[in-house]
Structures are given as C-alpha cells and as structure tokens.
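# Residue-level structure breakdown
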Amino acid sequence: MSKKILILAGDGIGPEIVAEAIKVLEAVRARFGLDLTLEEALVGGAAYDACGHPLPEETLAAARTADAVLLGAVGGAKWEPLPIAVRPEKGLLGLRAGLGLFANLRPAILYRQLADASSLKAELVAGLDILIVRELTGGIYFGEPRGVTRQESGERRGVNTLVYTESEIRRICRVAFDVARQRGKRVCSVDKANVLECTELWREVAADVARDYPDVVLSHMYVDNAAMQLVRAPKQFDVMVTTNMFGDILSDAAAMLTGSIGMLPSASLNADGQGMYEPIHGSAPDIAGKGIANPLATILSVAMMLRYSLHEPEVAQQIEAAVSRVLDQGLRTGDIMSAGMRQVGTAEMGDAVVAALVQSG
Ligand code: NAD
Ligand code: IPM
Ligand code: MN
C-alpha cells in the first residue's frame, strides 16, 4: 500500500529547504522502489494569507490520514502584528497538539567533516552524539490559564502556566529510557526542581520510571547547569529528557555544537508511531528568498521519517551516508562554510545529496 506523506512547506526558507527534501524523497522512491504518495497543504503564514487561519481544517485532516508529515518552517515579521491565536506558530502548535505528537526527538550529531564549523573546539565535539528528547504537547506552551488581562489598577498582567500531569511526564520519560536502551544507556533529566514544583514532580516521576530500566543510568541536572555543561563538555551527555520549553532552548544551543542550526533534524511522534518531521530551525527571514539556506536539517528529517514512520532504516542510513559523502566532497552552505571548502547554495546542496544517493551502493 502506498504511504502518504503530507508536505507542509510553510514560510520564509520553508519552501526552499522543503524543495530539496522532496528531491531526496523522489530519489529514494526511484532508487529503492518505495511506494510513496506526496501531497501538499498549507500551514503557517502561507495558510493565514490564503484562508485566514494558520492551520486550516483540511490541513489537519490531511495530516491525520498521512503516514508522515514533513514540515519546513513557519513564521515571519509579516505576521507578528497578528494575535497569538492566529500567528503562523499557532499552526505548528495545532498540528503537534492535534496529532498528539508528545515526543520530540532532536539528535545533535557532529559530522566529523564539520568539526571546524562548530562553535566549540574540535576536541570538545569530536564524536558528539546527543539525543534531546523534548516533551512537545504540554508544559508552559499549552498550560492554562494564559493570556494578558487588565487589572483594576489599569495595569496589564501577562500569564502563562507551567503544568504537567504525572502521566505526561511518565510517557515522555519512557520514550527517553527506551531510546537510551538502544544507545549509550544514560538519561539525563533536565529540570528546575530547586525552584519549580512542577519540575520537582518531573524529577520524582523520572526517578520512578528509571526503576523499570535497571540497565539505564539516570542523572538529574538543573537546566541552567545543563546549558553551561552543553557548551563546556557536551560529550558527557547521551540522552537528555526535558520539558517543552527547556528542550526548545537547549536544542538550539546543542545545534551550534554540530556546526549550525541548519544541521539539526527532528521527529515528533505520537503514541501510534505517526510522526511529523521538521528541522529544528525556523523560517530564517534574514536569508529567505536568497537560495542560501542549508537544506541538510530538512533532508536529515526525511531520513528520520524513513526510520521512524516508514520503517525503512536502511534507506534512512543511505540518506545520512549521502549527506556525509557530500560533506566529504567539501560542499558547504554559508552557515557551515570553513576555509578550503566550496560554498554552494540550497539547490546545489540538495542536488549533490541526490547525486550521492543515486551513486551509492
Ligand atoms: P531561525 O531559526 O529562523 O533563525 C535563526 C538564525 O539561524 C538566523 O540567522 C537564520 O538565518 C539562521 N538559520 C536558520 N536556519 C538556517 C538554515 N537552514 N540555513 C542557514 N541558516 C539558518 O530563528 P528566529 O530568527 O528566531 O525565528 C524566525 C521565525 O521562525 C520566527 O517567526 C519564529 O517564530 C519562527 N520559527 C519557526 C520554527 C518552526 O517552524 N519550526 C522554529 C523556530 C522559529
Ligand atoms: C521549534 C520552534 C517552535 C517551538 C515555535 C515556532 C512554535 O521554536 O520547533 O523549536 O517553540 O516549539
Ligand atoms: Mn525552537
């Protein structure tokens, strides 16, 4: 049976990077005989402009029936004056909530060819392979009450609420322990349990889940220290599990260790294994339309899609190997450029990955 992939290009560099990911999907379809049907729909600012809402009903319905969703990025200055409820970002959050994508896997892996592009010294990042497991449908992003109200004094008051139930914490910790079992067998749970009761509960539940995984070592770290440790000695980490907002922030920091935010893919999974795949970066308004964005995070997100939703781990590996070969050839987009390499644009990078795939094996 054909697998349906819903493509949501979004805004800014979204359409540019997604175009390269589609080339890769089409190349693997031909090369490995995969039966894939690609369908496109609107999300984010593009959807707001077309129909007044960042997540049209037909887009959510199409996502629900898809085997996997590939998303570029959403947002931009043009839509910033809009109320939060109809901002492009709300489209993305609506997809995550609507599909129940509570588990966000963000691997920060250093391709050895990019050691010079990392903002840390090469020896600190050589062999780096961290997996950040970010809770994605709860916490302060979704907690109630929220909003801005005017008090009797006339002063305005802004509120967001950090809230987690025990079961929400338990299920994301289970994902972290399950993946840790497949790799370094260490989980670091990141919280702010010294100040926030909600994450004191997080710490307790993480410790409780750990009892079911005697083969995995659990440690706890406060988020401020974790941010510092990530740039001091990142290789101490194997799997990190944390809340929605802490995971958002820590994964951007971890991205720079690998050379660029343009290198970090992600998978957002629900309890049925259905997934949405997207780079962790945004719509990069400062470089949109110039054809210079790095498409590798999106292409590597396609690899994650093949691994987690389409059950084609060998094909996933072929894509990752093709990316590595292109880096071996010395091709670099501006964000990962270093001395002696050849700078290329978005499309040339995508074409090079396709060429490396076609030649493989
Ligand atoms: P951003 O990630 O878009 O950009 C931060 C910096 O990284 C910019 O200098 C940008 O040029 C650079 N960058 C990002 N991706 C790159 C790539 N593939 N290649 C080369 N350089 C790249 O973050 P921001 O500027 O804070 O946000 C811009 C907009 O994107 C906002 O509207 C924000 O809400 C949105 N956003 C969306 C997502 C998403 O759709 N998943 C994620 C983050 C931010
Ligand atoms: C991300 C983004 C989103 C987030 C925004 C655009 C809603 O920053 O995917 O990391 O905060 O989750
Ligand atoms: Mn983010």
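Residues numbered from 1 in each chain as written. Chains lettered and ligands numbered in written order. Predicted model: local features only at pLDDT ≥ 70, side-chain atom pairs only at ≥ 80, totals over all residues.

As far as domains go, the protein holds domain 1 (1-102 + 270-361) and domain 2 (108-263). Taking the mean C-alpha position of each, domain 1 and domain 2 sit 23 Å from one another. At the interface, 19 residues of domain 1 touch 20 residues of domain 2. Of all the elements in the fold, those that place two or more residues in the side of domain 1 that touches domain 2 are helix H4 (88-98), helix H10 (296-308) and helix H11 (313-328). Of the residues belonging to the side of domain 1 that touches domain 2, the class tally is 10 nonpolar, 6 polar and 3 charged. (Domains from an automatic or database assignment. Contact = placed C-beta atoms within 7 Å. Helix = DSSP H or I, 4+ residues; strand = E, 2+ residues; numbered from the N terminus. Nonpolar A, V, L, I, M, F, W, Y, C, P; charged D, E, K, R; others polar.)

Spatially, 10 strands are ordered E2-E1-E3-E12-E11-E4-E5-E10-E8-E9 in an open sheet, and the strand pairing comes out mixed. Edge strands, defined here as strands with exactly one partner in the open sheet, are strand E2 (36-40) and strand E9 (217-222). In this sheet, adjacent strand axes meet at a mean angle of 25° when their direction is disregarded. Bridge analysis of strand E8 (residues 186-191) against strand E10 (residues 239-242) gives 4 bridges, and the strand direction is parallel. (Pairing = 2+ DSSP bridges. Axes fitted to C-alpha atoms, helices over the stretch in contact; angles between N-to-C directions.)

A few words on the site of ligand 2. Every residue near ligand 2 is listed here: Gly75, Glu89, Leu92, Leu93, Asp248, Ile280 and Gly282. Element by element, the count of residues in the shell around ligand 2 is highest for H4, at 3 residues. (Near = placed C-beta within 6 Å.)

One can describe the packing of H11 onto helix H12 (residues 346-359) by two numbers: an axis separation of 8 Å at closest approach and a directional angle of 115°. With respect to the hand of their crossing, H11 and H12 are arranged in right-handed fashion. Along its contact with H11, which presents Gln318, Ile319, Ala322, Val323, Arg325 and Val326, the element H12 presents Ala352, Val353, Ala356 and Leu357. For the contact of H11 with H12, the class distribution of residues is 8 nonpolar, 1 polar and 1 charged. (Left-handed = near helix turned anticlockwise from the far one by under 90°.)

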